[in-house]
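Residues per chain, in single letters:
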Amino acid sequence: MANRKLKIRDLTLRDGQQSLFATRMPQACIDRLLPLYEGANFYIMEVWGGAVPDSVMRYLDESPWERLRICSKAMKGHSLLSALSRGRNLFGYVPYPDSVLEGFYKEAIKNGLNVMRIFDALNDLDNVKESIRMINELGGIADGAVCYTVDPKEEAPAEPAEKPGFFSRLFGKKAEVPVAPEKIFTDEYFVSKAKAMEGFGAKIITIKDMAGLVNPARIASLMPKLKAAVNVPVDFHTHCTPGYGLASSLVAIINGVDILDTNIWWFGEGSAAPAIELIYIFCQKLGIELEANMEAVGKIRNELYDVRKQLAAFDLNKDHFPKAFDPLADKLPAEIDALFDRAIAAAKANDEESLLAACHAIEDYFGFPKPNLLVKDAEVPGGMYSNMVAQLKALGASDLLDDAMRLIPKVRRDAGLVPLVTPTSQIVGSQAVSVALDRKKGNPDYSNPSNQFISLVKGEYGHTPVAVDPAFREKIAGTPVETPYDVTKYQKPENPVLEDMGGVKLASNQEEYLLLELLPTVANGFLRKRRAEEWEKTQAAAAPKVEEKPAVEAEPVTGPTLNAPMGGRIVEIKVKPGDKIKFGQTMLVYEAMKMENDLSSEIDGTVKRILVAPDQVVATDQALIEYE
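Our subject in this report is the structure included herewith. (Residues numbered from 1 in each chain as written. Predicted model: local features only at pLDDT ≥ 70, side-chain atom pairs only at ≥ 80, totals over all residues. Heavy atoms only, no water.)

1. Concerning the environment of Val466
- With respect to the helices and strands, Val466 occurs in the loop between α19 (451-458) and α20 (470-477).
- Sequence separation between Val466 and Gly139 is 327 residues, and the spatial gap between their C-alpha atoms is 36 Å.
- Aside from chain neighbours lying at most four places away, what touches Val466 is Ile184, Gly416 and Leu417. (Helix = DSSP H or I, 4+ residues; strand = E, 2+ residues; numbered from the N terminus. Contact = heavy atoms within 4.5 Å.)

In structure tokens:
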């Protein structure tokens, strides 16, 4: 392997913090780190896209465009800056027309983005083709990502109610042996998707293993086939959640991967990608040049320790940091150094059991989290897992986590065997929580399907890897026929004039309006705050003092009510006091776990009072509307 080089895509500032800390790193922390990144010489730095545009507005009250501009200005072209795009879904959770995609891509490249990693959650090539073309035409680098996933585990056949007797066994009809279902996600499946993306114009091909399910034997089989099939650099993106990440990354390196995605120590391993420091040791032993300045990486690592402490509220391992380690200065104990050699030997010999044992021992020595068997069995990505934990905690429903995780494979199968990557991971995860709530309350499964789950099952997100059962589709979406998203029906969101703030428009420029198009509910609240701040500044000096009036005691609720099935935020109220309501009529739209849900009336009646307001956060079982 002499003279071989390995390029690095650093994920710390985007996927790393998303996987471990639910994308809660504020701009102030980013600003502290960026000057140190200038000399790190990473080939690519992932800084934007994915959950960033949503989360920085939703949770941090910050501008996603400003984050991109600051990163671009600080890096001065020393590393390519990349973002993650969900193809037709862009950075949101629903399909968008080409006009929205092109507007976002154009603005992103103008603000300093270089590489756009484009994937589709269903691996539906129709959903990525136009994005690849647009990025190339706008002067960016299109990175085509194939989402890795696995076929579902085969369920054990049910035991017969009673064993057949002697004569039944002798003369009776022999029981049919069930035929194993055809494997969908073969090496050839992924290679064919990669070749198609290269044909569309992708300049990089990524195997995007968002759940960390690529085991060493599988990447040893898949990577050589990919390298032989495409003529562009191949990138490997994985996570360590179920315990394969470090070992599979080593096997990918041995089998010729061109670019590897890593995080810096305090933001690595666990639910995130492997730590670059461990990859560096493997490369040193293999005689491969890792293209990064490890001295600069050390400076970033030192600063990241304090940053991680600031994110303790979202850190699942806040009391169990790994040991501090500098691969340039710290000498490994002989027995630990030998584990690296043992792992390399096992990887070259395709001895997966010994390889995993060595890598797990390395990670255990440094104090990284042990493999998460629940995540492994449920087949979910780390970012989805950390977000579910954070959101369930906020909803006061943490006790449902295990039940919801166990339901994920069922919901995934019902929805067409979709890979679990945003937005399908959020859709399936949210629906699994909803089904867990249904069962807790004694209701039938899928009593409250989210609007996005309905759209997924209906066919509006694209073709699922396996066809959805028409009977299930009719139950959920009201039609047994797959119905694609009709982009001609897309309606641009209104940009209202805010009369109470001096008659200004909600979105003051094109980039703000793009946020309204992408994430209307979140952007509406974010932009209203910006306009309110501007208005208050102009009115502060002239505003007369207003006497505070004593609070009026609220009228008690005496009639029947419509209650929230789970905690969330009110998006839209569709009725008003005095309206005559029929059973099944949509009363309001609320958002829970980033999914919008229609809430329908369970009775015929008349609306007496609306007890909530748009953008209000509500708790599980909270009364929302009172009937007469």
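From this point, the discussion proceeds with the structure in view.
2. Some remarks on the nonpolar core
- Of all hydrophobic cores here, the largest spans 134 residues; its most connected members are Phe42 and Trp48.
- Element by element, the count of residues in this core is highest for helix α11 (residues 276-286), at 8 residues.
- The residues contacting Trp48, other than those within four sequence positions of it, are Arg14, Pro64, Trp65, Leu68, Ser82, Ala83, Leu84, Phe91, Phe104 and Ala108.
- Core analysis: the second largest hydrophobic core is formed by 34 residues, Met388, Ala397, Leu420 and Val457 among them. (Core = buried A, V, L, I, M, F, W, Y, C linked by side-chain atoms within 4.5 Å. Buried < 20%, exposed > 50% of the residue type's maximum accessible area, 1.4 Å probe, protein only.)

3. Digging into helix α22 (residues 520-539)
- Taking 1.5 Å per residue as the helical rise, α22 with its 20 residues ought to reach 28 Å, and the 28 Å between its terminal C-alpha atoms agrees with that figure.
- Within α22 the residues assigned to the buried category are Thr521, Val522, Ala523, Gly525, Phe526, Leu527, Arg530, Arg531 and Ala532. (Expected span 1.5 Å × (residues − 1).)

4. Description of the sheet that holds strand β12 (residues 561-563)
- Across the sheet, which stays open at both edges, the 4 strands sit in the order β12-β19-β17-β14 with antiparallel pairing between neighbours. Each edge of the open sheet is held by one strand with a lone partner, namely β12 and β14 (580-581).
- The sheet contact formed by β12 and strand β19 (residues 623-627) spans 3 bridges and is antiparallel. Following the sheet pairing, Leu562 is matched in β19 by Ile625. (Pairing = 2+ DSSP bridges.)

5. Some details on the pairing of strand β2 (residues 44-49)
- Taken across its 6 residues, β2 has 6 buried, putting it largely inside the fold.
- Pairing analysis gives 2 bridges linking strand β1 (residues 5-10) to β2, with the strands arranged parallel. What sits directly across from Arg9, in β2, is Ile44.
- Bridge count for β2 against strand β3 (residues 80-85) is 5 bridges, and the pairing is parallel. Directly across from Glu46, in β3, lies its bridge partner Ser82.

6. Describing the side chain of Asp15
- Note on placement: Asp15 falls in helix α1 (residues 12-21).
- Overall, Asp15 belongs to the buried group, its relative accessible area being 5%.
- Aside from chain neighbours lying at most four places away, what touches Asp15 is Glu46, His237 and His239.

7. Let's talk about the environment of Ala404
- Within the element layout of this structure, Ala404 appears in helix α17 (residues 401-414).
- Between the C-alpha atom of Ala404 and that of Asn372, which follows or precedes it by 32 residues, the distance is 15 Å.
- Contacts of Ala404, omitting those with residues within four sequence positions, involve Met388, Ala432, Val433 and Ala436.

8. Thoughts on α17
- Helix length check: α17 (14 residues) gives 20 Å between terminal C-alpha atoms against 20 Å at 1.5 Å per residue, within 8%.
- Where α17 bends most, at Ile408, the angle is about 35°, and the proline Pro409 comes one to four residues later.
- Restricting attention to buried positions, one finds in α17 the residues Leu401, Ala404, Met405, Leu407, Ile408, Pro409, Val411, Arg412 and Asp414.
- Looking one or two residues past α17, Gly416 carries a phi angle of roughly 105°, positive in sign. (Bend = angle between axes of the 7 residues up to and from the residue.)

9. Here's the deal with unusual backbone geometry
- One non-glycine residue, Leu90, lies in positive phi territory at about 55°.
- If you trace the backbone, Leu90 turns up in the loop between β3 and α5 (98-110).
- The phi dihedral of Glu269 falls on the positive side, at around 65°, and the residue is not glycine.

10. Some remarks on the pattern of salt bridges
- Taken as a whole and assessed by the stated rule, the structure comprises 46 salt bridges.
- Here Arg117 ties to Asp261 by a salt bridge, and the two come within 2.9 Å at their closest N and O atoms. One end of the pair, Arg117, is in strand β4 (residues 115-118); the other, Asp261, is in strand β8 (residues 259-262), with 144 residues separating them in the sequence.
- Its relative accessible area of 0% is what places Arg117 among the buried residues.
- A salt bridge links Lys225 to Glu188, with the nearest nitrogen and oxygen atoms 3.6 Å apart. (Salt bridge = Lys/Arg side-chain N within 4 Å of Asp/Glu carboxyl O.)

11. Quick look at the packing of helix α10 (residues 245-254) against helix α13 (residues 334-348)
- Relative orientation of the contacting elements α10 and α13 amounts to 60°, with a least axis distance of 10 Å. Our classification of the angle between α10 and α13 gives oblique. For α10 against α13, the interelement crossing comes out right-handed. Of the residues in α13, those in contact with Leu250, Val251 and Ile254 of α10 are Ala343, Ile344, Ala347 and Lys348. (Axes fitted to C-alpha atoms, helices over the stretch in contact; angles between N-to-C directions. Parallel < 35°, antiparallel > 145°, perpendicular 65-115°, else oblique. Left-handed = near helix turned anticlockwise from the far one by under 90°.)

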